[in-house]
Amino acid sequence: MASIVRLQNVTKDYGQGQALTHALRGVNLELEAGEFTAMAGPSGSGKSTLLNIIGGLDRPTAGKVEVDGRELENLSKTELGLLRRDRLGFIFQSYNLIPVLTAIENAEYVLMLQGVETVERRERVRQVLKEVGLEGLENRYPRQLSGGQQQRVAIARAIVSEPALVLADEPTANVDSETGKALLDLMRELNEEKGVTFFFSTHEEAVMRRARRLLELRDGVIFNDETNNNGDRTHG
Ligand SMILES: Nc1ncnc2c1ncn2[C@@H]1O[C@H](COP(=O)(O)OP(=O)(O)OP(=O)(O)O)[C@@H](O)[C@H]1O
Ligand SMILES: [Mg+2]
């Protein structure tokens, strides 16, 4: 299996002097294509920092970061932008949808940037919105959707370009637990049926149990890495 992510001794410091924070203190990690991996850890343990570094949204202080076989440090700004656009999908805790665009417009945005022509684009986006359970709601604006529905749009947006890896920072944090379960089911299904690789952070026990691999972060290091081949496939 090919490695999608390879981190070697990654550290990240923020601030300096009195305000110096060691957010990551030497992280080594390898993720392979097809994984469905969760990352848990207390607030401030470095989860978002790690996801942002893998996604090229932030740079490490030291260490090596390889994503999809490319060492991020060696990429130009343009190359990094293309890697992010074409190979990665992002899902954020607060959905991050564009308020003046409808569901379908939000989800097709990346394909537009990729230059996929209108007819094919619309067809692909409609299909993905259907897969995430939003058929019939394509023309609604984010404010006309529930939190769970908005997060489904964000999931659709993240997977529509068929990325090699989807990074999700607490994707279920802003929805109730039933909706959270449904979102996890959806991610799991996309992983199993379409082979989408997911790496997501969470605070929730129920979400951790659904992962096939669980990393635990504490004070900027991975102190536990467990594989649970099936994960908990059932609801609740
Ligand atoms: N931009 C920043 N400037 C300064 N310090 C930061 C910055 N971002 C994060 N930190 C610090 O780095 C550490 C790790 O933060 P991070 O956001 O990665 O934690 P987290 O595990 O995602 O926490 P949470 O569960 O609350 O989201 C924390 O001590 C945090 O205060
Ligand atoms: Mg965080």
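In what follows, the structure referred to is the one given above.
Conventions used here
Residues numbered from 1 in each chain as written. Chains lettered and ligands numbered in written order. Predicted model: local features only at pLDDT ≥ 70, side-chain atom pairs only at ≥ 80, totals over all residues. Helix = DSSP H or I, 4+ residues; strand = E, 2+ residues; numbered from the N terminus. Rg over C-alpha atoms; globule rule 2.2 N^0.38 Å. Buried ≥ 20, exposed ≤ 12 C-beta atoms within 10 Å, placed from the backbone. Contact = placed C-beta atoms within 7 Å. Near = placed C-beta within 6 Å. Nonpolar A, V, L, I, M, F, W, Y, C, P; charged D, E, K, R; others polar. Core = buried A, V, L, I, M, F, W, Y, C linked by C-beta atoms within 7 Å. Axes fitted to C-alpha atoms, helices over the stretch in contact; angles between N-to-C directions. Parallel < 35°, antiparallel > 145°, perpendicular 65-115°, else oblique. Left-handed = near helix turned anticlockwise from the far one by under 90°.

*Asks:* Please explain the overall build of the protein as it appears in this structure.
*Replies:* Helix and strand content of the protein: seven helices and ten strands. Against the globule reference of 18 Å for 236 residues, the protein gives a C-alpha radius of gyration of 18 Å, in line with a compact fold. Overall size of the protein, expressed as C-alpha extent along the three principal axes, is 50 × 45 × 40 Å. Per-residue burial over the protein gives 38% buried out of 236 residues. Long-range contacts, defined as pairs at least 24 residues apart, comprise 69% of the intrachain contacts of the protein with a sequence gap of at least 6.

*Asks:* What should I look at first to understand the site of ligand 1 in this one?
*Replies:* With respect to spatial proximity, the complete set of residues near ligand 1 consists of Tyr14, Gly15, Thr21, Ala23, Gly41, Ser43, Gly44, Ser45, Gly46, Lys47, Ser48 and Thr49. Broken down by element, the shell around ligand 1 gets its largest block of residues, three residues, from helix H1 (residues 47–54). Of the residues assigned to the shell around ligand 1, the class counts are two nonpolar, nine polar and one charged.

*Asks:* Mind showing me how you'd approach the nonpolar core here?
*Replies:* Nonpolar side chains tend toward joint burial in soluble globular proteins. Core analysis: the biggest nonpolar cluster contains 57 residues, and Ala107, Leu129, Ala156, Ile159 and Val166 have the highest contact counts within it. The contacts of Leu129, once residues within four sequence positions are left out, are Ala103, Ile104, Ala107, Leu134, Glu135, Glu138 and Ala156.

*Asks:* What is the right way to look at the environment of Ile104 in this model?
*Replies:* On the secondary structure map, Ile104 appears in helix H3 (residues 103–113). Exposure remark for Ile104: the 21 C-beta atoms within 10 Å place this residue in the buried category. Measuring from C-alpha to C-alpha, the distance between Ile104 and Pro163 comes to 18 Å, with 59 residues separating the pair along the chain. Those residues in contact with Ile104 that lie beyond four places of it in its chain are Val125, Leu129, Glu138 and Asn139.

*Asks:* What is the right way to look at the packing of helix H5 (residues 147–159) against helix H6 (residues 177–194) in this model?
*Replies:* Each pair of packed helices can be described by the angle between their axes along with the distance between the axes. Relative to each other, H5 and H6 sit at 15°, their axes nearing to 10 Å. When the interaxial angle is binned, H5 and H6 end up roughly parallel. The crossing of H5 and H6 is right-handed. Of the residues in H6, those touching H5 at Gly147, Gly148, Gln151, Ile155 and Ile159 are Thr179, Ala182, Leu183, Leu186, Met187 and Leu190. Residue classes in the contact of H5 with H6 are distributed as seven nonpolar, four polar and no charged.

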